[in-house]
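# An overview of the molecular structure
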Amino acid sequence: MWCRRLGWLLKTPSQPRGSVGHGSPWLPRARRTIPAAPARCHHTAPESLKCAWQLHGDHLELRYANTLMRLDFVWLRDHCRSASCYNAKTNQRSLDTASVDLAIRPKAVRVDETTLFLTWPDGHVTRYGLEWLVKNSYEGQKQQVMHPRILWNAEIYRQAQVPSVDCRSFLETDEGLKEFLRNFLLYGIAFVENVAPTKEDTEILAERISLIRETIYGRMWYFTSDFSRGDTAYTKLALDRHTDTTYFQEPCGIQVFHCLKHEGTGGRTLLVDGFYAAEQVLHQAPEQFELLSKVPLKHEYIENVGGCHNHMIGVGPVLNVYPWNNELYLIRYNNYDRAVINTVPYDVVHRWYAAHRTLTAELRRPENELWVKLKPGKALFIDNWRVLHGREAFTGYRQLCGCYLTRDDVLNTARLLGLQA
């Protein structure tokens with residue numbers, strides 16, 4: 001598993017604040033109500049029972065389904081799902097969090113086979129399913145991944161024989177759309193075949209799964225080597241692997257490419273799984289992985305070509321991880337657009353260069369490079385937060401169209417079809 005625990009984020013004191021005693025025994029699951037009192041130790045739960053709990057000064061410790069949870073009293077009151085605290089129709093909190101006494105503690109606690117009951121000083125009763133607590137507690141979340149993935153190099157991807165989805169099935173059936181999104185979520189790339197080679201048909205394709213994100217490049221764009229924009233992409237030169245729009249505060253989530261015409265040679269598209277490369281760095285040099293996930297950098301785009309005048313700056317580390325489970329969710333890698341490094345102190349910058357070199361070496365390993373020849377009728381969707389793309393130099397006239405999609409809407413579509421996203 002590529003996720004790891006960054007010690008500086010997950011360190012906890014040897015004794016939680018407000019706890020009573022070291023190595024206190026556990027209270028067995030019981031149906032009777034037991035008043036909550038500070039500095040109280042409870043009997044050890046028999047091994048045959050699934051659930052045991054113990055009160056501390058400011059939190060409840062609960063062991064269930066092999067998970068030891070520490071649940072703050074304010075958290076327990078704030079997340080109450082009773083009708084007066086939570087609107088089940090809108091799935092929104094009704095309780096005013098700021099009204100909860102920060103020194104609150106339950107007057108009584110009871111646990112049965114499936115449910116935790118808490119009675120508060122004002123008589124309000126909160127009920128939690130034990131399974132819900134395991135799923136939603138910090139301890140439960142840090143054992144899970146937000147987005148299941150299959151990391152790949154070129155050989156792994158080829159052996160998987162990931163199928164393309166036919167355009168008609170993609171557009172007209174939930175089954176085709178779900179198959180496409182499943183492939184996209186797992187691998188970070190997915191293809192649709194038999195698309196009419198026009199910008200209009202590509203737009204219809206994109207709108208099937210998301211709103212199109214309009215940027216400084218427009219909504220739908222044509223892409224040729226006419227130097228019409230101040231970007232190396234608008235040439236016939238080779239492009240090294242990179243992610244797009246690193247100079248946005250939130251880089252675009254998904255990119256769509258569709259080659260409409262190519263009368264010439266070369267121009268193959270390069271794809272590299274950035275998360276696979278990052279995992280190799282994690283195994284080889286975990287301290288370098290950590291450095292790349294902590295040091296913020298600026299990326300910059302300055303354009304003064306024709307009527308296009310733009311100056312964009314985005315800030316963030318190369319590797320971005322969720323702090324509770326250290327799951328990598330975004331790689332921001334573009335050597336073309338990286339700005340002056342002036343956010344890193346002297347005693348860190350050289351170590352950062354070494355870490356960047358290690359990651360770059362992994363990204364450039366030939367075995368990690370998947371080369372694809374895009375042809376009219378075959379549309380490619382790329383997770384721009386994960387998969388780097390590039391191209392080889394080409395000759396002749398080559399025209400692509402495409403767009404960026406809003407990541408939230410793609411994930412929304414996937415969840416509505418029953419996928420974890």
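For the structure, check the block above.
This report concerns the structure included in the present document. Quick caveat: nothing in here was measured; it's all calculated off a predicted structure. All residue numbers refer to position in the chain's written sequence, counted from 1. Thresholds applied to this predicted model are a pLDDT of at least 70 for local features of residues and 80 or more for the giving and counting of side-chain atom pairs; totals over whole chains, interfaces and linings are not thresholded and use all residues. The side-chain quantities take in all heavy atoms of the structure and omit both hydrogens and water.

## Topic: unusual backbone geometry
For Asn-194, which is not glycine, the phi dihedral falls at a positive 65 degrees. Note on placement: Asn-194 falls in the loop between β12 (189-193) and α8 (199-207). Throughout, exposure labels follow a simple rule: accessible area from a 1.4 Å probe, protein chains only, divided by the maximum for the residue type, with under 20% read as buried, over 50% as exposed, and the rest as partly exposed. A residue is classified by how much of its surface remains accessible, and Asn-194, at 57% relative accessible area, is exposed. Within the chain, Asn-326 stands out as a residue other than glycine whose phi angle is a positive 55 degrees. Put simply, DSSP marks the helices as runs of H or I at least four residues long and the strands as runs of E at least two long, and each gets a number from the N terminus on. Locating Asn-326 in the fold gives a position in the loop between β20 (319-321) and β21 (328-331).

## A closer look at the side chain of Thr-245
In this fold, Thr-245 is placed in the loop between β15 (239-242) and β16 (254-263). Classification of Thr-245 by relative accessible area gives buried; the value is 2%. Between two residues, a contact is recorded if the distance between any of their heavy atoms is within 4.5 Å. The residues touching Thr-245, leaving out its near neighbours within four places in the chain, are Pro-251, Cys-252, Asn-384 and Tyr-404.

## Observations concerning the sheet that holds strand β22 (residues 370-372)
Only strands joined by at least two bridges in the DSSP assignment are considered to pair. The sheet built from four strands is open, its strands ordered β15-β24-β17-β22 with antiparallel pairing. Both edges of this open sheet fall to β15 and β22, since each of them pairs with a single strand only. Each neighbouring strand pair of the sheet contributes to a mean axis angle of 20 degrees, computed without reference to strand direction. As paired strands, strand β17 (residues 269-273) and strand β24 (residues 387-391) are joined by five bridges and run antiparallel to one another. Following the sheet pairing, Thr-269 is matched in β24 by Arg-391. Every axis corresponds to a line fitted to the C-alpha atoms, with the helix fit spanning only the stretch in contact, and the corresponding angles, defined between N-to-C directions, vary from 0 to 180 degrees. Contacting β17 and β24, helix α9 (residues 274-284) runs over the sheet at an angle of about 45 degrees to β17.

## Points about helix α7 (residues 174-187)
The span one expects for a helix is its residue count, reduced by one, times 1.5 Å. In a regular helix each residue adds 1.5 Å, so 14 residues correspond to 20 Å; α7 covers 20 Å between its end C-alpha atoms and thus fits that length. Of the positions making up α7, those classed as buried are Gly-176, Leu-177, Phe-180, Leu-181, Asn-183, Phe-184, Leu-185 and Tyr-187. Immediately downstream of α7, the backbone of Gly-188 shows phi near 80 degrees, a positive value.

## A short note on the pairing of strand β23 (residues 379-383)
Across the five residues that make up β23, a large majority, five, are buried. Residues of β23 alternate between two faces, with Ala-379, Phe-381 and Asp-383 on one and Leu-380 and Ile-382 on the opposite face, all of them buried. One ladder, built from five bridges, connects β16 with β23; its direction is antiparallel. Each bridged residue has a counterpart across the sheet, and for Phe-257 the counterpart in β23 is Leu-380.

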